[in-house]
Amino acid sequence: MKSILPAIAVFFCASILLSACAVSKNSMVIQKPEFESTGTSSTTCFVELNDGSTRQYSSLKLVTGVLTTPHLVADNKVVINANDILAYQDNNHYAVSAKMLTSKKKGYIATEILPGFAVKLLSGKLNLYSRKYYNGANAAEEFFLQDGNEGDIVAYSKEAMKNMLKEDEKALEYFNNKSKISPKSKKILAAVELFNNSRLLTRN
């Protein structure tokens, strides 16, 4: 009888430990779906259609191929053609259609965004966009400027840039500086960043 009692005690202890582990495991299983659902509930992707309306999605993917016309696929099932939209936002880029740009250049490249679309590089009081195209032999890049989010998106030129920067002496002085900065895009980006940062400081 004495030898049975220790065995029973060991059995009860083992049972208690196993049930505690089971409860802990179950609680972890219950909590995991809650964490996943909160992570996927926010919608960060959208397309703006030609009529001005907006549709939101959980995901947007660019599809390209040798025999495939570049297009977007939303939520792994909805096919969206470039001609049907004015702009779109995926997890990495905000891009606008050629219909919103002032440019006559052709031969657009589809790498990270739809062909003919320009991707936004900088946002603020002055927005900066970039579009890649073939200039006949090589890939080239053109820039576009936008005064705020409501202004027209105009092709970059020195005159247009100076006109946009005229409200800020430091940004304009930097852009007018005769020192050569290579590539040209580096100077454009820096001038726009300087302008946007000074606008923020002025408002605050």
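This section reports on the structure supplied with the text. Along each chain, the written sequence defines residue order, and numbers are assigned to residues from 1. Restriction of local features to residues with pLDDT of at least 70 applies here, the model being predicted, together with a cutoff of 80 or more for giving and counting side-chain atom pairs; totals for whole chains, interfaces and linings are based on all residues. Computation of side-chain values covers all heavy atoms of the structure but excludes hydrogens and water.

**Comments concerning the packing of aromatic side chains**
- Within 6.5 Å between ring centres, the rings of Phe, Tyr and Trp (the latter by its six-membered ring) count as paired, and their orientation is classed by plane angle as stacked under 30 degrees, edge-to-face over 60, tilted in between. In total, this model carries 2 aromatic pairs according to the counting rule given.
- With centroids separated by 6.3 Å and ring planes inclined at 45 degrees, the aromatic side chains of Phe 46 and Tyr 94 adopt a geometry described as tilted. A residue pair is termed long-range when its members are at least 10 positions apart, and Phe 46 in strand β1 (residues 45-49) and Tyr 94 in strand β7 (residues 94-96) qualify at 48 residues.
- Between Tyr 88 and Phe 117, the aromatic rings sit 5.7 Å apart at their centres with planes inclined by 55 degrees, giving tilted as the arrangement. Here Tyr 88 is found in strand β6 (residues 85-89), whereas its partner Phe 117 is found in the loop between β7 and β8 (118-122), with 29 residues between them in sequence. The pair Tyr 88 / Phe 117 is uniform in exposure class, with both members buried.
- For the cation-ring pair, Lys 187 lies above Phe 175, with the distance from its terminal atom to the ring centre recorded as 5.9 Å. Runs of E in the DSSP output that reach at least two residues are strands. Runs of H or I that reach at least four are helices, and both are numbered from the N terminus. The buried label applies to any residue whose accessible area, calculated with a 1.4 Å probe on protein chains only, is under 20% of its type's maximum; exposed applies above 50%, and partly exposed to all values in between. Placement of a charge over a ring requires the Lys NZ or Arg CZ to be within 6 Å of the ring centre, with the centre-to-atom vector within 35 degrees of the ring normal.

**Quick notes on the environment of Phe 117**
- Taking relative accessible area as the criterion, Phe 117 reaches 4% and is therefore assigned buried.
- Between the alpha carbons of Phe 117 and Tyr 94 there is a distance of 9.7 Å; along the sequence they are 23 residues apart.
- For Phe 117, the residues in contact, after removing those within four places along its chain, are Ala 82, Ile 85, Leu 86, Ala 87, Tyr 88, Ala 95, Val 96, Ser 97, Ser 130 and Arg 131. The contact criterion used is simple: two residues touch if any of their non-hydrogen atoms lie within 4.5 Å.

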